[in-house]
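Examining the three-dimensional arrangement
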Amino acid sequence: MRATATQARLIILSILVLTFSEVFAQESNVFSAKVLDASNSTPLPGASVYWENEMASGVISDEDGVFRIKVKSLPMRIVVSYIGFETSSRQINLKDLEKEQRFFLKPEEMSLEEVTIQGRKADEQVRSMETGKASLPIATIKNIPALFGEVDLLRSLQLLPGVQTAGEGTTGLFVRGGSADQNLVQLDGAPIYNPSHFFGFFSVFNPDALEKVELYKGNMPASFGGRLSSLIDVSLREGNNQKIHGQGGIGTISSRITLDGPLFTDKSTFVISGRRTYADMFLKLSNDPEINNNKLNFYDLSGKLSFLLSDRDKLTISSYQGRDFLGLDDEFGLGWTNWISSANWNRNISDRLYFDLQGYHSIYSYQVDFTDPENGFEWQNKLSESGMKAILTYVKNESLQMYAGVHSQFYHFAPIELNPAPDSNIQSITTSPKNGVLTSIFGGATYEITPKLSSEIGLRWGLYNQVGKGVDYVYDGGVPDPDADVIDSVTYDTFEKINYYQGLEPRVAFRYLINDQLSIKTAYNRNFQYVQIASNSSAGLPIDRWLLAGTYVPPIRSDQFSLGVFRNFDNNRWELSVEGYYKDFKNIIDLRNGAQVLFTDRVETEILKGDGYAYGLEFLLRKNVGKTTGWLSYTWSRSWRVTPGVSEGLRYNPRYDRPHDVTLVLNHEFSPTWSAGVTFIYTTGQAVSFPNGLYEVDGQSVPYYSKFRNDDRFPDYHRMDASVTWKNADKGRKWRGSWNFSIYNLYGRKNPFSYEFKKIYNEDINYDSDESGPATTSRNGIVMTYLFTFLPSLTYNFEF
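An account of the accompanying structure is given in this report. (Residues numbered from 1 in each chain as written. Predicted model: local features only at pLDDT ≥ 70, side-chain atom pairs only at ≥ 80, totals over all residues. Heavy atoms only, no water.)

1. Overview of the overall build of the chain
What the chain contains, in helices and strands, is seven helices and 50 strands. In terms of its C-alpha atoms, the chain occupies a principal-axis envelope of roughly 95 × 80 × 50 Å. Here the chain holds 800 residues, and 50% of them are scored as buried. If you take every contact in the chain between residues at least 6 apart in sequence, the share linking residues at least 24 apart comes to 65%. When the accessible surface of the chain is summed, it comes to about 36,400 Å², and 57% of that surface belongs to carbon and sulfur atoms. The distance from the centre of the 79 positive side-chain charges to the centre of the 93 negative ones in the chain is 8 Å. (Helix = DSSP H or I, 4+ residues; strand = E, 2+ residues; numbered from the N terminus. Buried < 20%, exposed > 50% of the residue type's maximum accessible area, 1.4 Å probe, protein only. Contact = heavy atoms within 4.5 Å. Areas by Shrake-Rupley, 256 points an atom, 1.4 Å probe, with all protein chains shown as cover. Lys, Arg positive; Asp, Glu negative; His and termini not counted. Charge placed at Lys NZ, Arg CZ, Asp CG, Glu CD.)

2. Points about the sheet that holds strand S12 (residues 190-191)
Overall, mixed pairing links the five strands, which are arranged S8-S15-S16-S11-S12 in an open sheet. The open sheet is flanked by strand S8 (133-135) and S12, the only strands paired with a single partner. As judged from the three bridges shared by S8 and strand S15 (residues 210-216), these two strands associate in the antiparallel manner. Counterpart to Ser135 in the pairing with S15 is Glu214. (Pairing = 2+ DSSP bridges.)

3. Here we look at the pairing of strand S39 (residues 628-642)
Strand residues, when the strand is regular, have side chains that alternate between the two faces of the sheet. Pairing of strand S38 (residues 607-623) with S39 involves 13 bridges; the strand directions are antiparallel. Across the sheet, Lys623 pairs through a bridge with Gly630, a residue of S39. Linkage of S38 to S39, two consecutive antiparallel strands, is achieved through a turn of four residues, within which Gly626 is found at a positive phi near 125°. The pairing of S39 with strand S40 (residues 660-669) spans nine bridges and is antiparallel. Paired with Thr628 across the strands is His668, a residue of S40.

4. With respect to the pairing of strand S1 (residues 30-37)
With seven of eight residues buried, S1 is to be regarded as a mostly interior element. Pairing analysis gives five bridges linking S1 to strand S7 (residues 101-105), with the strands arranged parallel. Among the inter-strand pairings, Lys34 is bridged to a residue of S7, identified as Arg102.

5. Notes on the sheet that holds strand S4 (residues 66-70)
Pairing within the open sheet is mixed, and its three strands lie in the order S4-S1-S7. Sheet topology places S4 and S7 at the edges, where each strand pairs with a single neighbour. Averaged over neighbouring strand pairs, the angle between their axes works out to 30° when direction is ignored. (Axes fitted to C-alpha atoms, helices over the stretch in contact; angles between N-to-C directions.)

6. Side note on the pattern of salt bridges
Following the criterion strictly, the structure yields 25 salt bridges and no others. A salt bridge links Arg176 to Glu579, with the nearest nitrogen and oxygen atoms 3.2 Å apart. A residue pair is termed long-range when its members are at least 10 positions apart, and Arg176 in the loop between strand S10 (173-175) and strand S11 (183-187) and Glu579 in strand S37 (residues 574-591) qualify at 403 residues. One exposure class covers both Arg176 and Glu579, and it is buried. Between Asp208 and Arg256 there is a salt bridge, and its shortest N-O distance comes to 2.7 Å. Of the two residues, Asp208 is situated in the loop between strand S14 (202-203) and S15 and Arg256 in strand S18 (residues 254-262); the sequence distance between them amounts to 48 residues. A relative accessible area of 15% places Arg256 in the buried class. (Salt bridge = Lys/Arg side-chain N within 4 Å of Asp/Glu carboxyl O.)

7. Describing the packing of aromatic side chains
For the structure on display, the rule yields 37 aromatic pairs. Note on Phe31 and Trp51: the rings are 6.3 Å apart at their centroids and 45° apart in plane angle, and the pair reads as tilted. With Phe31 in strand S1 and Trp51 in strand S2 (residues 48-51), this pair connects stretches of sequence that are 20 residues apart. Across this residue pair, the class does not change: Phe31 and Trp51 are buried. On the numbers, 6.1 Å between centres and 15° between planes, the contact of Phe690 with Phe714 is stacked. Of this pair, Phe690 sits in the loop between strand S42 (687-688) and strand S43 (691-697) while Phe714 sits in the loop between strand S45 (712-713) and strand S46 (717-727), and the two are 24 residues apart along the sequence. On the accessibility criterion, Phe714 (9% relative accessible area) is buried. Lying across the ring of Phe585, Arg641 places its NZ or CZ 4.8 Å from the centre. The ring of Trp640 has Arg651 sitting right over it, with the charged end atom 3.6 Å from the ring centre. (Phe/Tyr/Trp six-rings, centres within 6.5 Å; stacked < 30°, edge-to-face > 60°. Lys NZ or Arg CZ within 6 Å of the ring centre and 35° of its normal.)

This is the structure:
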C-alpha cells in the first residue's frame, strides 16, 4: 500500500509539472499587445488578431483589450480588426517582443447604410454558449426615449423579453417569474441593495460613467451566485490615457458631468462622474410656504482609478455613493444612501493562465425623522455586505477553458432602531442584529466537443453560517405562529454559530451549431439565495425589511431549465431568438394577511413559507445594422405561488405576473446630425386584490377582501415614447453638443398607478367636511390615480 501511495503522489506531481511546464513553456514565443480606441484610448475587447495569411491561428482580445498570440517565425505582419473601426496591420520584428506594444484603431467614417450596434461580435448570439443572456451597449441605451429625458439603464432592461416592470415609471425588475430581490445588481463586482432613486423612478447608474451592462437570466456562470433569477453586471468605464476628456448633460430635472483622463502617466487613468437633481430648487420658487419648504433631491458620485502596474498586472479601484432625500416642511424627512467600494487586481501569469482577485464593501442605510412634539421619532437602519473573490482561469486552447475560485461574503444587518423624541408618546424599539457568513467554492469549464457541439459545466458549493451577535426565540410547539407563546430566547455572542446551511449548485449548458447562422442551446441552473425581502410592496421601498437565512427562514432555491433556437439572417444583420424556460422555487416567503414586519424582532411570526413555479416563451427579433436599428420582443409567461395559509392553500399569482408583454424599440439615423427613436410597450395589467365591499367602523369606511389573493387585475398597460436628437457631427471641434427632445407617453394614456376604494361625498373625491360642511350625498366609489400622461422634456448633452 505504501508503494502504491508513493506512486500515486509521483503521478500527481508529474501531471502538475507537465501541466504548468506547458503553461509557461511558450512564454518566450508569444507576442502580446493591447488594442485601443484611437479617439479616447479605451480598450477594445473582442478585437480580431491574426498573422497575415494565417487567419485560422487568430485570437481575440480580452476585456482589457489585451491579446497574446503565438509566434512561429519573425519578421511577420500582424493584422488587428474590430467592427466599426479601421483595420490596422504592422510588421513585427524580434525586438518588438521585448517591449509593450499598442494598436490604436480609428473609428470608421460610416455611411448611413453602415450604422451598427457596437459592443458585440456579429454572430455572437449563434455561436456563444449563453442562453438568456442580453447585452445592451451604452450607446443603444442613450438612444432610447426616457422619462424626463433621464437615460436609465434599468428601465432600458425592462424592454427586453422575460423582464417585467413593477409599474408606471419604476425601475424595479422581475425576471422570469422572480421577485425584485432575486436580482443580483452589482457595480464592478460590488452588490447594490437599493439600485434606485426617487422611490424607483430612476436607477443609480449615470450612463456617462458606464462601460457595459450584461443581464444573465438563464445560464449563469458558476463564478456568480447568491440570487435566484438574474445577474445584472454593470461595469464602470476606465479613463483614457492620452488627454482630459469630459461629457455631460443638462436636463429637465437633473444635470450630470463626467471627466476622465491620465492620472500620473499614461499607465494610470481616472474617471469621476457626478449627477444631481434640482427639483427642490424649483419648489423654492413657489409662493406657497407648504411647497417651498419641501425638499426632494438625489445625487450620486462615482469614480474609478486604473493602474497598469506592469505588462502583466492591472489594478482598478472603484467607488460609488448616492443619496436621496425627501423633506416635508421641516417636520418629516426620509433619506437613504448607497455606498460601495471595490478593488480588482488582474494578473496575466502567462498566455494561458490568468488570476483575478477582488475585494468589495457595500453599505445601504436609511433614516426617517418626524419632529412632531407628541409623536416625534427617529427611525434608522443599516445593512452591509463585504466580500473577497479569487478566480484562476486556464485557457488550454480555443476548445477548452477552465476556471476555479472561491468567494467569501460577510453579511451584517444592523438593528432597526426607533428612538422617540424627548416628549414623544412613542415607545423605543430596537431589534436584534443579524449576521451571516457565506463561503462559496466554484469551478467550471467550457469545452468544444466537436466543431458543432460545445458544452459548459460548472459547480458552485455554498457553505452558509448564521452567526452572532443575535437572539433566537423558541416557540411553544416549535412553530413561529403569531398566537404561539415564546417559551425561551437564546442569546449568541459575536461570531458564535447559530445555524448552518449548505447547497450544491450545478450548472450545465450545451450548444449545437446546425450551421453558421443557426444554433440550438439548452441549459440547467440551480441557485440558492440566503437573503430576501419581507414586503407587501412589489415596487420596492427604501424601508423594505431584508432577512437573512436563519432558524425559521431557510434559504430559497430555484431550478431552471431553458431551451432556445437562435438564428441570424442577411449576413448577421438580423437576429432572431426563441427561448422557453421552466423555473421551480422552494422556500419562498410571503406575508400573512395584515402582517407587520418593519419593527418586530420576531419577524418569523409574520411570514409564511411556500413554493412556486414559473414558465414562459420569449421571442426577440433584432436588427443591428442599417439606418434603422432596434428590436421587437414578445413574452408569454406565467408565475405562480403555493403558500399554506394563503388563498386556502391554492395557487395564486404574485403581483408581477403579467402573461403578455410586447415591446418595440426603434432608432433611425436620418443624417449624421439628425436621429429619432420610438418605443412602444404593451403588457397585461398586474395582479391585485380588489375589495369586495366596504363596511363602517366608528364612522370610517373599511374595505373587506376575498380570501383568494391577487384574484383581480389592473387594466392592460400600454404606452408610446418618442425622441428626436440633433448633434454636432463635426468631430474636429473641441466642444461638441447635442439636443434631445423626448416625449413620454406620446398619446397620453392614463395608465393606473393605484386605486382607492372610499366613500365619495357630494360627488367630490376631495370633499372636506371641515371646509364645506356636512355632505348631502354619499356613495361607495373608486378613485384611480395615474402619474404621467403627455410629458415632454429637453436635454442638452455635451462632450469636450
